[in-house]
Amino acid sequence: MSMPLRQSLRIASYLVAQKMRGRRRFPLLLELEPLFACNLKCAGCGKIQQPAHLLKRRMPVAQALAAVEECGAPMISIAGGEPLMHPEIHTIVAELVRRRKFVFLCTNAVLLPKHIDRFRPSPYFAFTVHIDGLRERHDAAVCKDGVFDAAVAAVREAKRRGFRVTTNTTFFNTDTPQTVIEVLDYLNDDLRVDEMMLSPAYAYERAPDQEHFLGVTETRELFRKAFSGGRRRRWRLNHSPLFLDFLEGKVDFPCTAWAIPSYSLLGWQRPCYLMADGYAASYRELLESTDWDSYGRGRDARCANCMAHCGYEPTAVLATMSSLRQSLRAVRSA
Ligand code: SF4
Ligand code: SF4
């Protein structure tokens, strides 16, 4: 992955340690969801469709830390819901940073000005702001006017205060290579965020909008065109070269959802944070009692159009690590 040197070295040594211990399956990044509530109601969101009693709940700090300790992943992505609505989210972040975990706090950034004083800049911590397009497209995606301007202002302020800020952009079939280029050029060159992540939208069964998810062929075509002309190399994308090859359709991979487990108020979600086929009480139980071979494109109909990083980026990272040529390529692209 293109990431700061400190993080790359840590991940590389973690992967070597897993290999030396002969572990077949292990976590690379934990998706921690300490609440389901959100201050927005995006039409493509499959997370906020929980019953009211669950939307009211917040995960206790000790429970979140215990899940992190149990699974041992070196990177933690905190999502939801909107994590800034959790009254103790700053404590969870501070405790994880203290344990030298790399923490990404995924936020729509609307509440960031109100809560930014609760956080301290650290090389182990980044705000990951959700921005789906330029003003009109982003506000349409989040179903509310003014959110793009609020998010951009919050990113500028966070950067001014010395925080690492990354972005995550979800693309739908209403996007074109030009809209992809416009938003990534803006984030890379104008807003100058530290790194950018891309997500082809996953077809959540429970999302109100069921018409705008990308199919595999559309995804490949979209990214192949958007990445052409040297832009892929120029953009500070937070993905491994092999995952970007995968998005473009130059390589194909099986899903390794076990490497990005998801822990929420409901437990360890089977098999990944996009799909819920029940919950396990521990990461070990999740690993041991899930039939991993039955998931992924070509295996489960619900995975047919999934090219999300939670299934395929770990496969790309593991393929990078097992090839000297790909490792050198990843180092060069960092
Ligand atoms: S901001 Fe994120 S969590 Fe909130 S509704 Fe939108 S997609 Fe869902
Ligand atoms: S392909 Fe993998 S990551 Fe995608 S929905 Fe299926 S199990 Fe989850």
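Below is a short write-up of the structure. Everything numeric in this text was worked out from a predicted model, so none of it was measured. (Residues numbered from 1 in each chain as written. Chains lettered and ligands numbered in written order. Predicted model: local features only at pLDDT ≥ 70, side-chain atom pairs only at ≥ 80, totals over all residues. Heavy atoms only, no water.)

1. Quick word on the site of ligand 2
Where we set the bar: Each residue is tested against the molecule or strand, and it is near if at least one of its non-hydrogen atoms lies within 4 Å. Points on a 1 Å grid over protein atoms alone make up a cavity when a 1.4 Å probe fits among them but cannot get out, and a pocket when they form an open set with protein on both sides within 12 Å along at least five of seven lines; lining residues each have an atom within 4 Å of a point. Occupancy of a cavity or pocket is assigned to a molecule whenever over half of its atoms lie within 2 Å of that pocket's grid points. Classification convention: Asp, Glu, Lys, Arg as charged; Ala, Val, Leu, Ile, Met, Phe, Trp, Tyr, Cys, Pro as nonpolar; all other residues, Gly among them, as polar.
As a structural note, the neighbourhood of ligand 2 is formed by Tyr202, Cys255, Pro271, Cys272, Tyr295, Gly296, Cys303, Cys306, Cys310, Gly311 and Tyr312. With respect to the pocket detection grid, ligand 2 is positioned in the largest cavity. Of the residues belonging to the shell around ligand 2, the class tally is nine nonpolar, two polar and no charged.

2. Focus: the pattern of salt bridges
The criterion, for reference: A side-chain nitrogen of Lys or Arg and a carboxyl oxygen of Asp or Glu constitute a salt bridge if their distance falls within 4 Å. Secondary structure counts use DSSP, requiring at least four H or I residues in a row for a helix and at least two E residues in a row for a strand, with both numbered from the N terminus. Categorising residues by exposure relies on relative accessible area from a 1.4 Å probe, with only protein chains included: less than 20% of the type maximum marks a residue as buried, more than 50% marks it as exposed, and the intermediate range marks it as partly exposed.
Per the counting criterion, the structure on display carries 21 salt bridges. The salt bridge partner of Arg137 is Asp175, with a shortest N-O separation of 3.1 Å. With Arg137 in helix H6 (residues 135-141) and Asp175 in the loop between strand S5 (164-171) and helix H8 (177-190), this residue pair connects regions lying 38 residues apart in the sequence. A relative accessible area of 28% means that Arg137 is categorised as partly exposed. Of the residues examined, Asp175 reaches a relative accessible area of 9% and is grouped as buried. Each of Glu69, Glu95, Arg98 and Arg99 takes part in salt bridges that share partners, so that together they form one network.

3. Comments concerning helix H13 (residues 309-321)
Applicable threshold: Expected span, for any helix, means 1.5 Å times one less than how many residues it has.
Over its 13 residues, H13 extends 17 Å from the first C-alpha to the last, a length consistent with the 18 Å expected when each residue adds 1.5 Å. With 10 of 13 residues buried, H13 lies mostly within the body of the structure.

4. Description of the sheet that holds S5
The following threshold applies: Being paired, for any two strands, means DSSP has found at least two bridges between them. Axis definition: a line fit to C-alpha positions, over the contact stretch in the case of helices; interaxial angles, taken between N-to-C directions, run 0 to 180 degrees. We call two residues in contact whenever any of their non-hydrogen atoms come within 4.5 Å of each other.
Pairing within the open sheet is mixed, and its nine strands lie in the order S6-S5-S4-S3-S2-S1-S7-S8-S9. The strands lining the two open edges of the sheet, one partner per strand, are strand S6 (195-200) and strand S9 (276-280). Pairs of neighbouring strands in the sheet enclose a mean axial angle of 25°, with direction left out of account. Alignment of strand S4 (residues 125-130) against S5, held across five bridges, turns out to be parallel. Across the sheet, the residue bridging to Thr128 is Thr166, located in S5. Docked against the sheet, helix H1 (residues 5-20) engages strand S2 (75-78), strand S3 (102-107) and S5, running at close to 115° with respect to S3. Packing against the sheet, helix H9 (residues 216-227) makes contact with S5 and S6, and its axis sits at approximately 150° to S6.

5. Focus on the pairing of strand S1 (residues 29-33)
Counting buried positions along S1 gives five out of five residues, so the element sits mostly inside the fold. Burial along S1 is two-sided: the residues Leu29, Glu31 and Glu33 and Leu30 and Leu32 are all buried. Pairing between S1 and S2: four bridges, direction parallel. Pairing of Leu30 across the sheet is with Ile76, part of S2. Across three bridges, the pairing between S1 and strand S7 (residues 262-264) is parallel. Within S7, the position partnered with Leu32 by the bridge is Tyr263.

6. What about a nonpolar patch on the surface?
For clarity, the cut-off: The residues that make up patches have over 30% relative accessible area and no salt bridge, and they are joined within 9 Å when like-charged or within 5 Å when they are Val, Leu, Ile, Met, Phe, Trp or Tyr. Working definition of accessibility: Shrake-Rupley area with a 1.4 Å probe, residue cover restricted to the visible protein chains.
Taken together, the side chains of Val16, Met20 and Met321 present a nonpolar region at the surface, about 300 Å² in accessible area. Position of Val16 among the secondary structure elements: in helix H1.

7. A few points about the environment of Val97
With respect to the element layout, Val97 can be found in helix H4 (residues 89-98). In this structure, the C-alpha to C-alpha distance between Val97 and Arg224, residues 127 residues apart in sequence, is 37 Å. With near-sequence residues (within four places) excluded, Val97 lies in contact with Val103, Ser122, Tyr124 and Phe125.

8. Brief notes about empty space enclosed by the protein
Using the following cut-off: Grid points are joined across faces, edges and corners, and a volume is the space filled by probe spheres set on the points.
With the rule as written, the count across this model stands at one cavity of 30 Å³ or more. The space that makes up the largest cavity amounts to roughly 100 Å³. Lining the largest cavity are 14 residues, and of these Cys255, Cys272, Gly296, Cys303 and Cys306 lie nearest its centre. When residues of the lining of the largest cavity are assigned to their parent elements, the largest contribution, three residues, is made by H13. Residue composition of the lining of the largest cavity, by class: 12 nonpolar, two polar and no charged.

9. Some remarks on H8
The end-to-end C-alpha separation of H8 is 19 Å, in line with the 20 Å expected for 14 residues at 1.5 Å each. Where H8 is concerned, the buried positions are Thr179, Val180, Ile181, Val183, Leu184, Tyr186, Leu187 and Asn188. If you follow the buried residues of H8, they end up packed against H6, helix H7 (147-160), S5, S6, H9 and helix H10 (231-234). Just downstream of H8, Arg192 is the residue with a positive phi angle, here 55°.

10. Looking at the packing of aromatic side chains
Under the convention used in this document: The aromatic pairing rule takes the rings of Phe, Tyr and Trp, using the six-membered ring of Trp, and pairs them if the centres are within 6.5 Å, calling planes under 30 degrees apart stacked, those over 60 edge-to-face and the rest tilted. In our convention, an over-ring charge means Lys NZ or Arg CZ found within 6 Å of a ring centre and within 35 degrees of that ring's normal.
Taken as a whole and judged by the stated rule, the model has 17 aromatic pairs. These aromatic residues form a ring-pair network of at least three members: Phe119, Phe125, Phe127 and Phe163. The ring of Tyr312 has Arg297 sitting right over it, with the charged end atom 5.0 Å from the ring centre.

11. Regarding the site of ligand 1
Taken together, Cys38, Leu40, Cys42, Cys45, Ile48, Gly81, Asn108 and His130 make up all the residues around ligand 1. Considering only residue class, the shell around ligand 1 consists of five nonpolar, three polar and no charged.

So yeah, pure geometry; function would need other evidence.
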